[in-house]
Amino acid sequence: MTHRLLAATLLTLLATTANAQQTPGSPSPASSATTAEPRTATTTTPRPTVRPVVAVAAPRSRRAHRPPSPAVRRVIDANRAALRAPLRPSFINGVQVFPYEEGAVYEAYTAPGQVTDITLQAGEMLNAVASGDTTRWIIGDTVSGTGENRRTHILVKPALPGLVTNLVITTDRRSYHVRLTSTAMTAMSALSWSYPRDELLALQRREQAREATTPVASDLGVESLNFGYAISGDRPAWRPVRAFDDGRQTFIEFPVDIATREAPPLFVIGPGGAELVNYRMHGRYYVVDRLFDAAELRLGTGDQQVVRIEKDGSRRERNRRRAR
């Protein structure tokens, strides 16, 4: 009897516990089991699809690859041909001496913290200095010496290495074009110019002065000279001053600057017309190793310049024949 009561009590307790755990509205363990799998499928987040990224290059400008025009190419070639770089034989100690050429571009190397001296010709007066970059370059000028030995110095210093600009210097005699390049450390101490054309002109002037004091002939006697020649025709810059002879040779005297001009050829006028005659130039004189009654100096091809030289007697006779 006791055992049966204990078993019945235990069964009642188990049933009560099961009912307490299953609350109203809660799904049964069976239904939970059947709906668990679909709930899991609907709540799962799908993995994103990873696509490869393809880099697309920006379109390049056609202008960057376009070759320079013929005009620009000519400018580039001309600038390259005009550039004069420093040469070792042209250094005098630390000074690079360029032979001056009209239109040439002279290369100068500079460096920060160092001053490069650009020296002009003695006696040359500075007009102006212009640079393509006045912000990163320090440019000034000063003078040395006095009188004929007075010289102008253009002083140049860059602020940074790796700079390139140009410099234009104008004076009362000429203009200079300089290409300035700055390096980290290497700089030219100074540069100047020699002037071959000026030296040649000075030599010519000295030679002309020497010849002006040299007799045209060493054995000429004043009493034997005949100055009875007339000069007529055009009046070019080279027109002779006078003509004379010593009984054997004829001398034609030109202006003092005939050596710097184109000299005209001499033709002797004879019965058969004009013929080229042999002569030599001595200073500002033509020396003709013969006598003539009439001759002409002719220069040019189309519109010729003609100057006629005649003995006075021949001229009077020609005028007399024309008057008949």
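Calculation notes
- Residues numbered from 1 in each chain as written.
- Predicted model: local features only at pLDDT ≥ 70, side-chain atom pairs only at ≥ 80, totals over all residues.
- Heavy atoms only, no water.
- Helix = DSSP H or I, 4+ residues; strand = E, 2+ residues; numbered from the N terminus.
- Buried < 20%, exposed > 50% of the residue type's maximum accessible area, 1.4 Å probe, protein only.
- Areas by Shrake-Rupley, 256 points an atom, 1.4 Å probe, with all protein chains shown as cover.
- Pairing = 2+ DSSP bridges.
- Axes fitted to C-alpha atoms, helices over the stretch in contact; angles between N-to-C directions.
- Phe/Tyr/Trp six-rings, centres within 6.5 Å; stacked < 30°, edge-to-face > 60°.
- Lys NZ or Arg CZ within 6 Å of the ring centre and 35° of its normal.
- Polar contact = N/O pair within 3.5 Å; in protein donor to acceptor, adjacent residues only side chain to side chain.
- Contact = heavy atoms within 4.5 Å.
- Core = buried A, V, L, I, M, F, W, Y, C linked by side-chain atoms within 4.5 Å.

**Student:** Would you explain the overall build of the protein chain in this entry?
**Tutor:** Each helix and strand counted, the protein chain has six helices and 20 strands in total. Looking at the 324 residues of the protein chain, the share that counts as buried comes to 26%. On the protein chain, roughly 22,100 Å² of surface is accessible, and the fraction owed to carbon and sulfur atoms is 55%.

**Student:** When you look at the sheet that holds strand β17 (residues 279-282) in this model, what are you seeing that I'm missing?
**Tutor:** Sheet strands associate in pairs through backbone hydrogen bonding, adopting either a parallel or an antiparallel arrangement. If you walk across this open sheet you meet the four strands as β13-β14-β18-β17, and the pairing is antiparallel. Each edge of the open sheet carries a strand with a single partner, namely β13 (242-245) and β17. Recorded for the sheet is a direction-independent mean angle of 20° between the axes of neighbouring strands.

**Student:** For this particular structure, what's the right way to read the sheet that holds strand β4 (residues 105-110)?
**Tutor:** Pairing is mixed across the open sheet formed by five strands, whose spatial order is β1-β4-β10-β9-β6. The open sheet terminates on both sides in strands that have one partner only, identified here as β1 (83-84) and β6 (126-131). Examined bridge by bridge, strand β9 (residues 164-171) and strand β10 (residues 175-182) share seven bridges and lie antiparallel to one another. Each bridged residue has a counterpart across the sheet, and for Val168 the counterpart in β10 is His177.

**Student:** Would you explain the pairing of β13 in this entry?
**Tutor:** Successive side chains on a regular strand alternate, one facing one side of the sheet and the next facing the other. Relative to strand β14 (residues 250-253), β13 runs antiparallel, the two being bridged by four bridges. By the bridge assignment for β14, Arg242 is matched with Glu253. Between the antiparallel neighbours β13 and β14 lie four residues, among them Gly247 with a positive phi of about 95°.

**Student:** How should I be thinking about the packing of aromatic side chains in this particular structure?
**Tutor:** We describe a pair of aromatic rings using the distance from one ring centre to the other and the angle between the two ring planes. Applying the stated criterion across every chain yields a total of 12 aromatic pairs. With a centroid separation of 5.4 Å and 80° between ring planes, the pair formed by Tyr106 and Trp193 is classed as edge-to-face. Here Trp193 lies in strand β11 (residues 190-194) and Tyr106 lies in strand β4, a separation of 87 residues in the sequence. Residue class for Tyr106 comes out buried when judged on its relative accessible area of 0%. A relative accessible area of 5% places Trp193 in the buried class. Through successive ring pairs, a cluster of aromatic residues spans Phe98, Tyr100, Tyr106, Tyr176, Trp193 and Tyr195. Note that Arg174 overlies the ring of Tyr100, its terminal NZ or CZ placed 5.2 Å from the centroid. Above the ring of Phe267, the side-chain terminus of Arg298 is found at 5.1 Å from the ring centroid.

**Student:** What am I meant to see in the pairing of β14 here?
**Tutor:** Of the two faces of β14, the one carrying Thr250 and Ile252 and the one carrying Phe251 and Glu253 are both buried. Sheet analysis places β14 next to strand β18 (residues 285-288), joined by four bridges and oriented antiparallel. Bridge pairing in β18 places Ile252 opposite Tyr286.

**Student:** Honestly, the side chain of Asp117 in this entry has me stumped. Any pointers?
**Tutor:** The residue Asp117 is located in strand β5 (residues 116-119) in this model. Within the local environment of Asp117, its side chain forms a polar contact with the side chain of His153, the two groups lying 3.0 Å apart. Apart from the residues lying within four places of it in its own chain, the contact partners of Asp117 are His153, Ile154, Leu155, Ser189, Ala190 and Leu191.

**Student:** I would appreciate a short explanation of the nonpolar core in the present structure.
**Tutor:** Buried together is how nonpolar side chains tend to be arranged in soluble globular proteins. Judged by nonpolar contacts, the single largest core of 20 residues is most densely connected at Ile118, Leu167 and Trp193. For this core, the secondary structure elements donating two or more residues are β4, β8 (151-158), β9, β10 and β11. Considering each element in turn, this core owes the most residues, three residues, to β10. What Ile118 contacts, discounting residues up to four positions off in sequence, is Thr152, His153, Ile154, Val156, Leu167, Ile169, Leu191 and Trp193. Ranked by size, the runner-up nonpolar core spans 17 residues in total, among them Tyr229, Ile252, Ile258 and Tyr286.

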